[in-house]
Amino acid sequence: MGEFCLHHVKFFNYVPSGIKSLAFNQADSLLAVGRDDNSLEIWKAGEEKQWHQEKVIPGSQKHKVNCLVWVKGRLFSAGLLGHMIEYDLQKLEPKKSVYFGNAFLCLAANYAETHIAAGCEDGYIRLYEVNDEGFTYDRAFQMQQGRVASLAWHPSDDVIVTGSLDNIRLWNVSTGHAKLRITMQRVQRNQEVVVWQVAILEDMTVVSGDSVGRTQFWNGTHGTLLKSYTSHRAAILSMCVSADKTSVFTAGIDPIIAEFRLVAKTSGSDSKHWVRSRTMRDHTHDVRALVMARDQLVSGGLDTQLAVNPAHLEVDMSKLKQSAHKHRQRIRGFPHRPLVSLAVKARLLLLQFPFRLEVWKLGNTQESSDEDGKVLPLSEHPVKLLEVKSKSTEQIVCSSISSCGLWLAYSDVEKLRFYHITRSPLAIERVPTIPHSVQPAHHLAFTPDSSKLIMATKSGGLQVLTVEGPDGVDCPQPLLQTIPTGDLQGPILNLTVSGDGLSMGVVDGAGRVVVFRNRDRKTKRVDLPQGKGRPCCLAFHRSGDQIAVAYSNRHIAEYDIVRQEYTPWSRQCHKKGLHHAWLDKANIIQQLTYDPTNSEHLLLHDGLSLTVIDKTKPLPSNAERLFHQRLGKRGHDRTVQSEKRSHGFAICSKFKTIMFIGMLEDPGNLVLVERPQQAILEQLPAAFPVKKFGT
C-alpha cells in the first residue's frame, strides 16, 4: 500500500517573512499575525492545540504594519509611514486607510474598546475614537521630548503609561498631562536607555522592559523601584501579562522568553512580590511579539515561526519539563494553502513567491528499481523555464497553471492577470482580451481539461472563465460565467474542482462546505452537514460524485454528493473514531487528494508527515501503535513493520517540512515539495551570539 515513484522537489527556495506583531481577539478566538512583508494572517484558535490559518491579507509596499490591535472584532494596524488602517476581513483588503503624517511606534486599545491610543515618533500620544464608520482623530496629549516607544492602558481607562528615552511617564487621560515621571538609571553614562515595553496592572504596578535587558517593577503611585532583574543579555522587544495578572512574560533579541510570577513572600503571608520563574527557548532569533491567547502564550519573531506554550505549568519541578514538552507547539511560517501548482500532463511546477512566479520542468529518469527508498539517477534534471514578476507594488495573492501547461494565471488585490505559454519556442504572452467584469481573486483553479479557470473572487462569489473551445481551440474572446452563490459568507477560504470539471467545492467564511454541480447547463447546490471542526482542505473523488473534507481537529469525512449522505467509510470513522494518537497531533491537515489510479486511497499531509489511507482496510484501534519512532542505523527494517500493519493508515515521517503533494498523469508518480526549516534559518540574518562551554 502506498508505493509511489516519488519526485522529491527541493528547489523551491521560499523563505517566509519574519513576524513583527501579534494581536489576539478573545471574543472570537482569532490571532492576527503581522509580518515583515506587511502581510497579515488570521489564525483561528480551535479546541485543544489546533491552530488553523484561515485568512491571509496580502502585504503592500504602500504601507507598513508595525503594530496591530483588535477593537470589537475589528482589526486595525499602524506603521512607520504614518498610515492607520482598518481591514475588511471579508474582502481581505484594507477597508479604510488614513494618512496622519506621523510614524506610529505602538498602538493600544482601552478596556472599554472605544478609543485607540497611538505612540508616535514626534513625542505625542494621539487618541483615536472608534465608531461605526471607522475611526476618527480625537486629540493629542502634551508633547514630550523623545519618541513614545511603548504604551499601555490601566484597566480603569483613566491612566496611560508610556515608555520612551530614559523615562517612564504616567498620563492622566482626561487632561492629557503627565502626572508622574520615572527616570531610568543608565548602565553606561553616554548610552540612552529605551523603554521598549511597558505594562500597568490594576494595583498601579508598572512593569518595564528596556534596551539593556532589564525587567523592572515599579510602584506607579510613588514612582519607586520594587524589583529589578537583568533578565536578558540584549534589548527586550516584547512583553505580555497573563489574564489573571499573576505572570509577566518578556522576550527580545536574545531568543529567551522569561516569566516573572507574583508569589507570597512567606507561606501564608498576604504580602507578595515578583520573582523570576521559568525560561523558554522556542526561537533561534529575535522574539519580537508576545500575546496571551486564552491560557496560552503565543510568541513570534525573526525565525518566522509561531511558538505556543501554556501560560501556567505544574509547580512540581519533576513534572515541569514533561508538562512543558507535552503542551509545546511550534507552527511553521508557511501558508496553510499551497504555494505550488502542478501541471499534471505537462509535468510542470508553478512556484509562487510574494512578487514573482517561477515555472519549472520536473526531472526524469530512465531507470527503475524494486528496492524501496532507492534514489534513481536523473536522465533529465529539473530546469527553470520561466519567471514572471509582479508588475505592481501589491503581493501576489494566488496563482495556478493549467494541466496542459499552456495557461498561467495569477491575481493580486487589484486585478487578475492571464498568460498563454508556448513551448516551441518557449515564450509567454499576456492575454489582453479578458472581460472587464473579471474580479480579483482569492483562489484560482483550472479544470483538469484546461478549458476553464475557476475564480473565487474577493466579493465572495465564483466566476468561470472559458479559455478553450470543445476541440481545444483557444477562444479569441474568453467567456465569463458568474455562478450564483446565494447566502455564502465571504471570503471563500478554500476551492477545489472535480476531475470532470463539472463540480466545485468551496468553504465559506462561516466554515460551511458547499458543492456546486453544473449539469445540463444548470447549477445545483449541495450543502454538506456542518462538522465539529473548521474545514481546512477538500478533495473530489475521481468520479466527481464524492468529496472528502479534512477538519482542523484532524477528523476526515467523506460525503456522497448524489445521495447526499456520508459514505460507509465515513460513517465507520464516525462510529469507531480515529486513533487517539492521530487526533492528539497538533498539526493541521494542509492538503488532501485521491490517488487517481486507486480511488480507495486517500493521500494527505500535515506539513511533517505524509499519510496514505487505504479505505478498504480497517481503521487502526487505540491498542495499536500508529506512529513509530524513528529508527537508527541498527533499527529493524521499516518493511517488516509495514507487513505487520493490519490497518489502513500508512504514515511516512522522513520529510522535514512538506509544502505540497500532487499526482502526475503517469500512474504512481507522486510529486512532493519539501522545504526544511534549517534551510530557511541559513538565509536569515545572524542570531544573537551565544557562548558555549564557558568560552
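Residues numbered from 1 in each chain as written. Predicted model: local features only at pLDDT ≥ 70, side-chain atom pairs only at ≥ 80, totals over all residues. Heavy atoms only, no water.

A. Region of interest: the side chain of Ser-609. Its location among the elements puts Ser-609 in the loop between strand S51 (598-605) and strand S52 (610-614). We classify Ser-609 as buried; its relative accessible area is 6%. Excluding anything up to four places from it in sequence, Ser-609 contacts Leu-604, Ile-651, Cys-652, Ser-653 and Ile-658. (Helix = DSSP H or I, 4+ residues; strand = E, 2+ residues; numbered from the N terminus. Buried < 20%, exposed > 50% of the residue type's maximum accessible area, 1.4 Å probe, protein only. Contact = heavy atoms within 4.5 Å.)

B. Quick look at the sheet that holds strand S54 (residues 658-663). Spatially, the three strands line up as an open sheet ordered S1-S55-S54, and their pairing is mixed. Of all the strands in the sheet, just strand S1 (5-9) and S54 have a single pairing partner and so form its edges. Strand-to-strand twist in this sheet, taken as the mean axis angle between neighbours without regard to direction, amounts to 20 degrees. Where S1 meets strand S55 (residues 669-674), five bridges bridge the pair, whose relative direction is parallel. Bridging from a neighbouring strand, Leu-6 pairs with Leu-670 of S55. (Pairing = 2+ DSSP bridges. Axes fitted to C-alpha atoms, helices over the stretch in contact; angles between N-to-C directions.)

C. Molecular detail of the sheet that holds strand S44 (residues 513-519). Reading across the sheet, the four strands line up as S42-S43-S44-S45 and stay open at both edges, with antiparallel pairing between neighbours. The strands lining the two open edges of the sheet, one partner per strand, are strand S42 (494-497) and strand S45 (522-527). With strand direction ignored, the average angle separating the axes of adjacent strands in the sheet is 20 degrees. Relative to S45, S44 is paired through six bridges, and the arrangement is antiparallel. Across the sheet, the residue bridging to Arg-519 is Lys-522, located in S45.

D. Highlighting the nonpolar core. Residues Trp-582, Ile-589 and Leu-592 are the most contacted members of the largest nonpolar core, which totals 20 residues. Of all the secondary-structure elements, those providing two or more residues to this core are strand S46 (535-540), strand S47 (546-551), helix H2 (568-576), strand S50 (591-595) and S51. With residues near it in sequence (within four places) discarded, Leu-592 still touches Cys-537, Leu-538, Ala-539, Ala-548, Val-549, Ala-550, Leu-602, Leu-603 and Leu-604. Phe-12, Phe-334, Leu-342 and Leu-349 belong to the second largest nonpolar core, which has 19 residues in total. (Core = buried A, V, L, I, M, F, W, Y, C linked by side-chain atoms within 4.5 Å.)

E. Seen up close, the pairing of strand S34 (residues 398-401). Side chains Cys-398 and Ser-400 project from S34 onto one buried face, and the interleaved Ser-399 and Ile-401 project onto a second face that is buried too. With four bridges joining them, S34 and strand S35 (residues 407-411) adopt antiparallel strand pairing. Note that in S35 the partner of Ser-399 across the bridge is Tyr-410. The antiparallel pairing of S34 with S35 creates a hairpin that spans five residues between the two strands, and Gly-405 there sits at a positive phi of about 80 degrees.

F. Geometry of the side chain of Gln-590. By the element assignment, Gln-590 lies in the loop between helix H3 (580-584) and S50. Gln-590 sits in the buried class, given a relative accessible area of 17%. In this view, Gln-590 contacts Pro-335, His-336, Cys-537, His-605, Asp-606, Gly-607 and Ile-658; residues no more than four positions away in its chain are not counted.

G. The packing of aromatic side chains, seen in detail. For the structure shown, the criterion picks out 19 aromatic pairs. Between Phe-12 and Phe-353, the ring centres sit 5.1 Å apart and the planes meet at 85 degrees, which makes this aromatic pair edge-to-face. One end of the pair, Phe-12, is in the loop between S1 and strand S2 (19-25); the other, Phe-353, is in the loop between strand S31 (348-352) and strand S32 (356-361), and 341 residues separate them in sequence. This pair shows no difference in class: Phe-12 is buried, exactly as Phe-353 is. Members of the aromatic cluster, joined through ring pairs, are Phe-76, Phe-100, Phe-104, Tyr-128, Phe-135 and Tyr-137. The ring of Trp-582 has Arg-554 sitting right over it, with the charged end atom 4.2 Å from the ring centre. The lysine or arginine in question, Lys-585, covers the ring of Phe-627, its NZ or CZ lying 4.7 Å from the ring centre. (Phe/Tyr/Trp six-rings, centres within 6.5 Å; stacked < 30°, edge-to-face > 60°. Lys NZ or Arg CZ within 6 Å of the ring centre and 35° of its normal.)

H. Focus on the state of the cysteines. Inspection of the entire model under this criterion finds zero disulfides. The cysteine Cys-120 is free of any disulfide, with Cys-106 supplying the nearest cysteine sulfur at 7.8 Å. Distance from the sulfur of Cys-652, which forms no disulfide, to the nearest cysteine sulfur (Cys-5) is 15 Å. With a relative accessible area of 27%, Cys-652 lands in the partly exposed category. (Disulfide = S-S within 2.5 Å.)

I. Molecular detail of the pattern of salt bridges. Counted by the stated rule, this structure contains 27 salt bridges. Across the pair Asp-210 and Arg-214 runs a salt bridge, and its minimum N-O distance is 3.0 Å. Taking the relative accessible area as the measure of exposure, Asp-210 reaches 0% and is therefore buried. Residue classification places Arg-214 among the buried positions, given a relative accessible area of 9%. (Salt bridge = Lys/Arg side-chain N within 4 Å of Asp/Glu carboxyl O.)

J. Looking closely at H2. Those residues of H2 that fall on the buried side of the exposure criterion are Trp-569, Ser-570 and Cys-573. Mapping the buried residues of H2 onto a view down its axis gives an arc of 100 degrees, with all of them on the same face. Away from its buried face, by an angle of more than 90 degrees, H2 presents the exposed residues Pro-568, His-574 and Lys-575. On the buried face of H2, the contacting elements are strand S48 (556-560), strand S49 (565-566), S51 and S52. Phi turns positive, to about 85 degrees, at Gly-577, one or two residues after H2. (Arc of directions from axis to C-beta.)

K. Fine view of unusual backbone geometry. Residue Ser-424 is joined to Pro-425 through a cis peptide bond whose omega torsion reads -5 degrees. Mapped onto the fold, Pro-425 is located in the loop between strand S36 (416-423) and strand S37 (426-430). Its identity is not glycine, yet Ser-29 carries a phi of approximately 55 degrees, on the positive side. Looking at where Ser-29 falls in the secondary structure, it is placed in the loop between S2 and strand S3 (30-35). Positive phi is not limited to glycine here, since Asn-38 has a value of about 70 degrees. Note that Asn-38 resides in the loop between S3 and strand S4 (40-45). We classify Asn-38 as buried; its relative accessible area is 5%.

L. Up close: the confidence of the model for the chain. For the chain, per-residue confidence averages 89 on the pLDDT scale, and 93% of positions sit at 70 or higher. Between residues 315-323, whose pLDDT stays under 50, and residues either more than four places distant or in other chains, the model counts five contacts. Low pLDDT, under 50, characterises residues 630-643; the stretch is placed with eight contacts to residues that sit more than four places away or in other chains. (pLDDT = per-residue confidence, 0-100.)

M. Examining the environment of Leu-406 more closely. Relative to the helices and strands, Leu-406 is located in the loop between S34 and S35. Judged by relative accessible area, which is 28%, Leu-406 ranks as partly exposed. Residues Leu-406 and Pro-596 lie 190 residues apart in sequence; the distance between their C-alpha atoms is 22 Å. Every residue in contact with Leu-406, bar those within four places of it in the chain, is listed here: Tyr-419, His-420, Ile-421 and Arg-423.

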